Amino acid sequence: QVQLVESGGGLVQAGGSLRLSCAASGRTSRIYDMGWFRQAPGKGREFVAAIRWSGGSTYYGDSVKGRFSISRDNAKNTVYLQMNSLKFEDSAVYYCAGSGTVSRSYDYWGQGTQVTVSS
């Protein structure tokens, strides 16, 4: 199994920045992609960004392109989400997720971390 633990959420003013971290443990060799998703109250889950665990290719949702950046440190089994130029509508619970090398679906999820952007 893979365990994921997020950190770094909090309250920030619009236009500010935050960096989220996601530490993976357990059978990390089973990870194909690491991604970030978010969910605001009353809304569905939204894809934010993903990074290929081996190789480092990155993918972004349209709403965050040019503002957010995903990166990884394989030595630390950690993925980061650098969020710049934050907007009120970025407020949500952010979840870290890992896709399996076999299923290629997001099978592993963290507990989530709250990001609140004040306008």
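Before any of the text, the structure's been laid out above.
In this report, we go over the structure that sits alongside the text. For clarity, every value in this text was computed on a predicted model and none was experimentally measured.

### Some thoughts on the packing of aromatic side chains
And step 1. The full count for this structure, using the stated rule, is four aromatic pairs.
And step 2. Between Phe 37 and Phe 47, the aromatic rings sit 5.6 Å apart at their centres with planes inclined by 70°, giving edge-to-face as the arrangement. Taken as a pair, Phe 37 in strand 4 (residues 31-39) and Phe 47 in strand 5 (residues 46-52) lie far apart in primary sequence, ten residues in all.
And step 3. Assessed through its relative accessible area of 11%, Phe 37 is described here as buried.
And step 4. Note on Phe 37 and Tyr 106: the rings are 5.0 Å apart at their centroids and 80° apart in plane angle, and the pair reads as edge-to-face. Within this pair, whereas Phe 37 is found in strand 4, its partner Tyr 106 is found in strand 10 (residues 106-109), the two being separated by 69 residues in sequence.

### A few points about the layout of surface pockets
And step 1. Each pocket or cavity is described by its volume, and for the largest pocket that value is around 170 Å³.
And step 2. For the lining of the largest pocket, the per-class residue count stands at four nonpolar, three polar and four charged.

Each value, and the rule that gives it
- Residues numbered from 1 in each chain as written.
- Predicted model: local features only at pLDDT ≥ 70, side-chain atom pairs only at ≥ 80, totals over all residues.
- Heavy atoms only, no water.
- Phe/Tyr/Trp six-rings, centres within 6.5 Å; stacked < 30°, edge-to-face > 60°.
- Helix = DSSP H or I, 4+ residues; strand = E, 2+ residues; numbered from the N terminus.
- Buried < 20%, exposed > 50% of the residue type's maximum accessible area, 1.4 Å probe, protein only.
- 1 Å grid on protein atoms, 1.4 Å probe; cavity = no way out; pocket = protein on both sides within 12 Å on 5 of 7 lines; lining within 4 Å.
- Points joined across faces, edges and corners; volume = space filled by probe spheres on them.
- Nonpolar A, V, L, I, M, F, W, Y, C, P; charged D, E, K, R; others polar.

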